[in-house]
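Coordinate analysis (summary)
Chain residues, written in single-letter form:
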Amino acid sequence: QVQLVESGGGLVQAGGSLSVSCAATGRIVSINNMAWYRQAPGKQRELVARINADGITNYADFTKGRFTISRDYTKNIVLLQMNSLKPEDTGVYYCNADLVVGGISGWYDYWGQGTQVTVSS
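Figured I'd write up the structure that's included with this text.

**A closer look at the overall build of the protein chain**
Looking only at helices and strands, the protein chain features zero helices and eleven strands. Each helix and strand of the protein chain, ordered N terminal to C terminal, gives the series β-β-β-β-β-β-β-β-β-β-β. Along the longest, intermediate and shortest principal axes, the C-alpha atoms of the protein chain span 50 × 25 × 25 Å. Buried positions account for 40% of the 121 residues belonging to the protein chain. Counting only carbon and sulfur atoms, one obtains 47% of the accessible surface of the protein chain, whose full area is about 6,400 Å². Separation between the mean location of the 10 positive side-chain charges and that of the 9 negative ones in the protein chain comes to 2 Å.

**Quick notes on the sheet that holds strand β1 (residues 3-7)**
Pairing is antiparallel across the open sheet formed by four strands, whose spatial order is β1-β3-β8-β7. A strand with exactly one partner marks an edge of an open sheet, and here the two such strands are β1 and β7 (67-72). On average, adjacent strands in this sheet sit at an angle of 15° to one another, irrespective of strand direction. Where β7 and strand β8 (residues 77-82) come together, six bridges link them in antiparallel fashion.

Analysis parameters
Residues numbered from 1 in each chain as written. Predicted model: local features only at pLDDT ≥ 70, side-chain atom pairs only at ≥ 80, totals over all residues. Heavy atoms only, no water. Helix = DSSP H or I, 4+ residues; strand = E, 2+ residues; numbered from the N terminus. Buried < 20%, exposed > 50% of the residue type's maximum accessible area, 1.4 Å probe, protein only. Areas by Shrake-Rupley, 256 points an atom, 1.4 Å probe, with all protein chains shown as cover. Lys, Arg positive; Asp, Glu negative; His and termini not counted. Charge placed at Lys NZ, Arg CZ, Asp CG, Glu CD. Pairing = 2+ DSSP bridges. Axes fitted to C-alpha atoms, helices over the stretch in contact; angles between N-to-C directions.

Structure follows, in structure tokens:
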């Protein structure tokens, strides 16, 4: 069974930095995109950043150069480095991967359970 496991969430003061990571494990043949989404209380889930198999990245406007997404292609890990954090960055951060599972044809979307990021004023 494929699992996406997030780690690194926690509490940080406004203006501080925090990184979250996600490791994909299981019968994985290949991974196309890996991405981070987040959901703040009372708001819709939104894309934070995405990185594809060639290292091409996309960022949400609200990151404003503060966040950096990177990927370890050998270990199937995606990392999100968050700097200059604001209280409005608070939310549950979810890892997402578009991948092929051994024994199953086609690409499928998988999600982690999420990790809480809280930015205090």
